[in-house]
Amino acid sequence: MNSELYVLPLVVRIERAAPPERTDALEAAATAVLSLLDDPGEWVAELHAWQSTGKIRKVVRRARGAEWRRAAALPGRTIEHRTAEVRVHPPVPLDDWPRDLARLQVGGTELGDTAEPPPAGPPVLWANPELTMSAGKAMAQAGHAAQLAWWASDAAERAAWRERGLAVSVRTAASRDDFEAMVAAGLPVVRDAGFTEIEPGSCTFVADAPWLAGRVADRKIGT
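Residues numbered from 1 in each chain as written. Predicted model: local features only at pLDDT ≥ 70, side-chain atom pairs only at ≥ 80, totals over all residues. Heavy atoms only, no water.

Participant: What should I look at first to understand the overall build of the protein in this one?
Facilitator: Looking only at helices and strands, one finds seven helices and 10 strands in the protein. Here the protein has a C-alpha radius of gyration of 16 Å; the compact-globule value for 223 residues is 17 Å, and the two agree. Taking the principal axes of its C-alpha atoms as reference, the protein extends roughly 45 × 45 × 35 Å. In the protein, which comprises 223 residues, the proportion classed as buried is 51%. About 10100 Å² of surface is accessible on the protein, with carbon and sulfur atoms providing 49% of the total. The protein carries 26 positive and 30 negative side-chain charges, and their two centres are separated by 5 Å. (Helix = DSSP H or I, 4+ residues; strand = E, 2+ residues; numbered from the N terminus. Rg over C-alpha atoms; globule rule 2.2 N^0.38 Å. Buried < 20%, exposed > 50% of the residue type's maximum accessible area, 1.4 Å probe, protein only. Areas by Shrake-Rupley, 256 points an atom, 1.4 Å probe, with all protein chains shown as cover. Lys, Arg positive; Asp, Glu negative; His and termini not counted. Charge placed at Lys NZ, Arg CZ, Asp CG, Glu CD.)

The structure is reproduced here in structure tokens:
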């Protein structure tokens, strides 16, 4: 196992005049993670180094204007999803970020939904309604849930998912009972390591799809 801790950088574009909808940003982050897992391209070695640590830590930063243009000039790929743009970069050592990414802010990623999101389709990543998370934190957690769902899917299920453009929906569970029922159903569950915002061991997201029931991929994640 690789002893050096790697993280996956995600950058969300938040322009003052036109911030993205929160749900769009969460779904874009999840899709960005899936895009890299499905096709790492030239970053196979970085992806292996990141996953071989036994952790899949993700850090979300925000950018606008010239900051976004500098981030977009670095290796990575941009996912555009309705009102949101999220850029995923190849994993980097925790203490060795590219300067133009390291200078971006982590905090203050506050977003909301001004309209009802469209109908959800599987897989649906359900947020725990009992937890309060910033948009940046929730984006990282949605990315974790998408990754666990990907790992729990077999080759045929991944191929079908790929044909749908790796589409994923992010919603908040209707109640604590609904969320706990999904946790108990053997679906992939994200349990946070508690580095930021919430208590260690908190169940933050459950990934739900017809093919995932009973495939426990429960994992403690550091964000």
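Participant: Help me out: how do you make sense of the packing of helix α5 (residues 135-152) against helix α6 (residues 155-163) in this one?
Facilitator: A pair of packed helices can be characterised by two numbers: the angle between their axes and the separation between those axes. Running from amino to carboxyl end, α5 crosses α6 at an angle of 130°, the nearest separation of the two axes being 8 Å. Between α5 and α6, the angle falls in the class oblique. Listed contacts from α6 to A146, A149, W150, W151 and A152 of α5 are E157, R158, W161 and R162. Counted by class, the contact of α5 with α6 contains six nonpolar, no polar and three charged residues. (Axes fitted to C-alpha atoms, helices over the stretch in contact; angles between N-to-C directions. Parallel < 35°, antiparallel > 145°, perpendicular 65-115°, else oblique. Contact = heavy atoms within 4.5 Å. Nonpolar A, V, L, I, M, F, W, Y, C, P; charged D, E, K, R; others polar.)

Participant: Please explain the packing of helix α1 (residues 22-38) against α5 as it appears in this structure.
Facilitator: Running from amino to carboxyl end, α1 crosses α5 at an angle of 40°, the nearest separation of the two axes being 8 Å. Relative to α5, the element α1 lies oblique. Crossing of α1 against α5: the hand is right-handed. In this structure, α1 uses R22, A25, L26, A29, A30, V33, L34, L37 and D38 to contact α5, whose residues at the interface are A135, A138, M139, A142, G143, A146, Q147 and W150. Partitioning the contact of α1 with α5 into residue classes produces 13 nonpolar, two polar and two charged. (Left-handed = near helix turned anticlockwise from the far one by under 90°.)

Participant: Just to check I follow, could you spell out α1 for this structure?
Facilitator: Because each turn of an α-helix spans 3.6 residues, side chains separated by three or four positions in sequence point in the same direction. Its 17 residues place the ends of α1 24 Å apart at the C-alpha level, agreeing with the 24 Å of an ideal helix rising 1.5 Å per residue. Extensive coverage of α1 is indicated by the burial of 15 of its 17 residues. (Expected span 1.5 Å × (residues − 1).)

Participant: What exactly am I supposed to notice about the nonpolar core here?
Facilitator: Nonpolar side chains in soluble globular proteins generally cluster together in the buried interior. Counting 58 residues, the largest nonpolar core has L125, M139, F205 and L212 as the members making the most contacts within it. Ranked by residue count, the leading element in this core is α5, at 11 residues. One finds V7, V11, L101 and L104 within the second-largest nonpolar core, a separate group that totals 10 residues. (Core = buried A, V, L, I, M, F, W, Y, C linked by side-chain atoms within 4.5 Å.)

Participant: What exactly am I supposed to notice about the side chain of K137 here?
Facilitator: By the secondary structure assignment, K137 is in helix α5. According to the relative accessible area criterion, K137 is buried, its value standing at 5%. Within polar-contact distance, the side chain of K137 engages the side chain of D192 at 3.2 Å. (Polar contact = N/O pair within 3.5 Å; in protein donor to acceptor, adjacent residues only side chain to side chain.)

Participant: I tried to follow the pattern of salt bridges on my own but got confused; where do I start?
Facilitator: Under the definition given, this model contains nine salt bridges. A salt bridge links R162 to D38; the shortest N-O distance between them is 2.8 Å. With R162 in helix α6 and D38 in helix α1, this residue pair connects regions lying 124 residues apart in the sequence. What makes R162 partly exposed here is its relative accessible area of 39%. Accessibility expressed as a relative area gives 25% for D38, which makes it partly exposed. When salt bridges with common partners are traced through the structure, they connect D24, E27, R82 and R171 into a single cluster. (Salt bridge = Lys/Arg side-chain N within 4 Å of Asp/Glu carboxyl O.)

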